[in-house]
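Structural description and commentary
Letter by letter, the chains look like this.
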Amino acid sequence: MITGSTNIAGLIGHPVEHSFSPPMHNSAFNALNMDWAYVAFDVDPLNLKSAIEGAKSLNIRGLNVTIPHKIEVMRYLDEIDEVAALIGAVNTIDFRNMKGYNTDGIGAVKAIEEVTSIKNRNVVVAGAGGASRAISFYIAKYGAESITILNRNVDKALNLANDINLIEDVKADSISQISNYIGDADILIDTTPVGMHPDVDADAIVSADDMHEDLVVFDAVYNPNETSLIKQAIKANAKPVYGIKMLLYQGAESFKIWTGQNPPVDVMEDALRKTLNLE
Ligand code: ATR
């Protein structure tokens, strides 16, 4: 129940009405009997500065930030977490100190670490956009042995590879060469929208024939749950990691930042699955 002392967290983006974060966070607050509520706010880019100032004045405790505000919002914060600064985008604000964080990459890392450790692994990342940037920096931070970034636009892959100077072995190449890199890879991370609803029948970026049984295959796409790439991974007897897990763990990290408490991850996952009609 909303009371006179309810703490408010939320999401700003444009649009936001299809977000899965409100049911995920509110289920966690309910399960822990916390006097908190999570609300989605549709903020026009022209009003971003006043939205942040207004949220601060209203004592809103924390916000998630999504498209199109993740980069622009950094101008209005007092402090940026070290890795969020390297990534160049913020998806979580803690209003106690007006500090910005990026939990997208750590969400992917935690999802993958349900299946395998990232330390000393050879990782291939497909795509070189915003999601790839967030994930690749965290993969480096968690001690990957090598990262190979593959993209249609090779210059973008090269730029990202140059920026990731946390580890030595970072390469870039065309995504058309992917089959040459998969044999030696331990982990494949697909950050491209290939296979995303409604293009669910699009050919996966790599087929089962090129995969091996020890390969961990993570697709950041969560709609559909079982993408064409995940289908290929299952066919190859490789180890699939579903995009829903990244959504879950980025939310869990934000929850920790705002409340200082460990969230009930299983409750949050159930809420996500229900919202995504997976049950
Ligand atoms: P996001 O924030 O989700 O990462 P983005 O910044 O627009 O979105 O990046 C999308 C990434 O997916 C890019 O790396 C893009 O490749 P290009 O830089 O060459 O455009 C990649 N991508 C998009 N559609 C693709 C497709 N059909 N095949 C392969 N890569 C694709």
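Report follows, based on the coordinates.

Criteria and cut-off values
- Residues numbered from 1 in each chain as written.
- Predicted model: local features only at pLDDT ≥ 70, side-chain atom pairs only at ≥ 80, totals over all residues.
- Heavy atoms only, no water.
- Salt bridge = Lys/Arg side-chain N within 4 Å of Asp/Glu carboxyl O.
- Buried < 20%, exposed > 50% of the residue type's maximum accessible area, 1.4 Å probe, protein only.
- Helix = DSSP H or I, 4+ residues; strand = E, 2+ residues; numbered from the N terminus.
- Near = heavy atom within 4 Å.
- Polar contact = N/O pair within 3.5 Å; in protein donor to acceptor, adjacent residues only side chain to side chain.
- Nonpolar A, V, L, I, M, F, W, Y, C, P; charged D, E, K, R; others polar.
- Contact = heavy atoms within 4.5 Å.

1. Digging into the pattern of salt bridges
This model, assessed by the stated rule, comprises 13 salt bridges. Taking the shortest distance from any N to any O, the salt bridge between R96 and D94 comes out at 2.9 Å. For R96, a relative accessible area of 54% gives the class exposed. Assessed through its relative accessible area of 3%, D94 is described here as buried. The partner of K245 in a salt bridge is E114, with the nearest N and O atoms 3.3 Å apart.

2. Things to note about the environment of N159
Structurally, the position occupied by N159 is in helix α6 (residues 154–163). For the pair N159 and A128, spaced 31 residues apart in the sequence, the C-alpha separation amounts to 8.8 Å.

3. A few points about the site of the ligand
With respect to spatial proximity, the complete set of residues near the ligand consists of G127, A128, G129, G130, A131, N151, R152, N153, K156, T192, P193 and V194. Within the backbone of G129, an N or O atom sits 3.5 Å from an oxygen atom of the ligand. For the ligand, an oxygen atom lies 2.9 Å from a polar atom in the backbone of A131. In the shell around the ligand, the residues fall into four nonpolar, six polar and two charged.

4. Some words on the environment of P45
Counting through the fold element by element, P45 comes out in the loop between β2 (36–42) and α2 (48–57). Here P45 falls in the partly exposed class, since its relative accessible area comes to 45%. Spatially, the C-alpha atom of P45 lies 22 Å from that of S254, the residues being 209 residues apart in sequence. When sequence neighbours within four positions are dropped, the list of residues in contact with P45 reads H14, P68 and H69.

5. Structural notes on unusual backbone geometry
The step from I67 to P68 runs through a cis peptide bond, and the omega angle for that step is 10°. Structurally, P68 can be placed in the loop between β3 (62–65) and β4 (79–80). Residue P198 is reached from H197 by a cis peptide bond, and omega for that bond is 5°. One non-glycine residue with positive phi stands out, namely N237, at about 65°. Note on placement: N237 falls in the loop between α8 (228–235) and β12 (239–241). The backbone of N277 sits at a positive phi, close to 60°, despite the residue not being glycine. With respect to the helices and strands, the residue N277 is situated in the segment after α10 (265–275).

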